[in-house]
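Residues per chain are reported as follows:
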Amino acid sequence: MVKTHAFRRVAATGGAVLLLTLAGCATVDPVQQCSVTDWHKTGLNEALKGRGSQYAQDRFTRCEAAGVRGTQQAWQSGWQQGHQEFCSSPARAAEFARQGGRYTLGHCPAAAEAEFLRHYQPAAEQRAHEQTMRQLQQRLDSRQNARNNVVRELARSDRQTADHQRRLLAEKRIIDNDIRNIERQMQMQMQLLNRVIR
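Residues numbered from 1 in each chain as written. Predicted model: local features only at pLDDT ≥ 70, side-chain atom pairs only at ≥ 80, totals over all residues. Heavy atoms only, no water.

Here the focus is the state of the cysteines. Every disulfide links exactly two cysteines, by a covalent bond between their sulfur atoms. One pass over the full model with this rule turns up one disulfide. Bridging cysteine 87 to cysteine 108, the disulfide has an S-S length of 2.1 Å. On the sign convention where negative is left-handed, the bridge of cysteine 87 and cysteine 108, at about -85° about the S-S bond, is left-handed. Of the two residues, cysteine 87 is situated in helix α5 (residues 72-88) and cysteine 108 in the loop between α6 (90-98) and α7 (110-155); the sequence distance between them amounts to 21 residues. Taken individually, cysteine 87 and cysteine 108 each receive the classification buried, so the pair is uniform in this respect. (Disulfide = S-S within 2.5 Å. Helix = DSSP H or I, 4+ residues; strand = E, 2+ residues; numbered from the N terminus. Buried < 20%, exposed > 50% of the residue type's maximum accessible area, 1.4 Å probe, protein only.)

In C-alpha cells, the structure reads:
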C-alpha cells in the first residue's frame, strides 16, 4: 500500500499557495496602475518573473488606451537589469520552475542559458512528478471511497438478491484492480521523484 499522507500535505500546501495567488489578483484600475507605476521597478520585477521584453508592448498599449503614456525607456532599463539577474541566478531558475514557469530556449543569453537550465530542469521535473502524484492521490481517494460504498452495500446482505450481490462483488473486483494499478503508478512516480530530488 502506498503511503499517501505526504502527498496530502503537498496538495494542501498547493491549495494554500493558490488561495494566496488568487487573493493577490484583485482588479486594478488601469489609469491608477499606469499613473503611479515606477516603470523602472516594474520592468525589473517583470524580468525577474521570467517575462520577455515583448511583454512591455502589451502593458504600454493598455496604458495608452487608458489615456496614460508610460515611460518605456525606464521600463526597458529595469527589465535589462532584472533579466540579467534572472538568467544568472541558480536560485531564481529553480524557483521559476517550482512556480510553474515555462522557460523558452533563447530567453537567456547563450553564455548563461546552460547554467540556468542545469538548475531549472530538475526543479521543473520535480514539480511535474509532484503534480502527477497529487492527481494519482485524488484518483486513489475516489476509488477507495467507491470501494467503501460497495463494501457497505454488501454488508446489507439481508436486503439484497443474489443477483445484486454478484453485481456488487464484480464491481468491487474492478475497483480493487483500479486501486492496485493506481498504487503501482504512484510507486513508479515516487521512484522518479526520488531520483530528481537526490
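A few words on the side chain of histidine 107. Take histidine 107: it is sitting in the loop between α6 and α7. Excluding its chain neighbours within four sequence positions, the residues that come into contact with histidine 107 are Gly50, Arg51, Gly52, Trp79, His83, Phe86 and Glu113. (Contact = heavy atoms within 4.5 Å.)

What follows is about the packing of aromatic side chains. Applying the stated criterion across every chain, the model contains seven aromatic pairs. An angle of 45° between the planes, with centres 5.1 Å apart, marks the rings of phenylalanine 86 and phenylalanine 116 as tilted. Of this pair, phenylalanine 86 sits in helix α5 while phenylalanine 116 sits in helix α7, and the two are 30 residues apart along the sequence. Note on phenylalanine 116 and tyrosine 120: the rings are 5.9 Å apart at their centroids and 20° apart in plane angle, and the pair reads as stacked. (Phe/Tyr/Trp six-rings, centres within 6.5 Å; stacked < 30°, edge-to-face > 60°.)

What follows deals with the packing of helix α3 (residues 39-48) against α5. It is at 6 Å that the axes of α3 and α5 come closest, and there the two elements cross at 30°. With respect to their mutual orientation, α3 and α5 come out roughly parallel. Note that α3 runs across α5; the crossing there is right-handed. Touching Trp39, His40, Thr42, Gly43, Leu44, Glu46, Ala47 and Leu48 of α3 are Ala74, Trp75, Ser77, Gly78, Trp79, Gln81, Gly82, His83, Glu85 and Phe86, all from α5. In terms of residue class, the contact of α3 with α5 is made up of eight nonpolar, eight polar and two charged. (Axes fitted to C-alpha atoms, helices over the stretch in contact; angles between N-to-C directions. Parallel < 35°, antiparallel > 145°, perpendicular 65-115°, else oblique. Left-handed = near helix turned anticlockwise from the far one by under 90°. Nonpolar A, V, L, I, M, F, W, Y, C, P; charged D, E, K, R; others polar.)

Side chains of nonpolar character tend, in soluble globular proteins, to be buried together. Judged by nonpolar contacts, Phe86, Cys87, Ala93, Ala94, Phe96, Ala97, Tyr103, Cys108, Phe116, Leu117, Tyr120 and Ala123 together constitute the single largest core of twelve residues. Counting residues per element, the ones that place at least two in this core are α5, α6 and α7. Sequence-distant contacts of cysteine 108, that is, excluding residues within four places in its chain, are made with His83, Phe86, Cys87, Tyr103, Glu113 and Phe116. Among the nonpolar cores identified, the runner-up in size contains ten residues, and Leu136, Val150, Leu154 and Leu168 belong to it. (Core = buried A, V, L, I, M, F, W, Y, C linked by side-chain atoms within 4.5 Å.)

Now for the side chain of aspartate 176. Its location among the elements puts aspartate 176 in helix α8 (residues 162-197). Since its relative accessible area comes to 15%, aspartate 176 is described here as buried. There is a polar contact of 2.5 Å between the side chain of aspartate 176 and the side chain of arginine 147. (Polar contact = N/O pair within 3.5 Å; in protein donor to acceptor, adjacent residues only side chain to side chain.)

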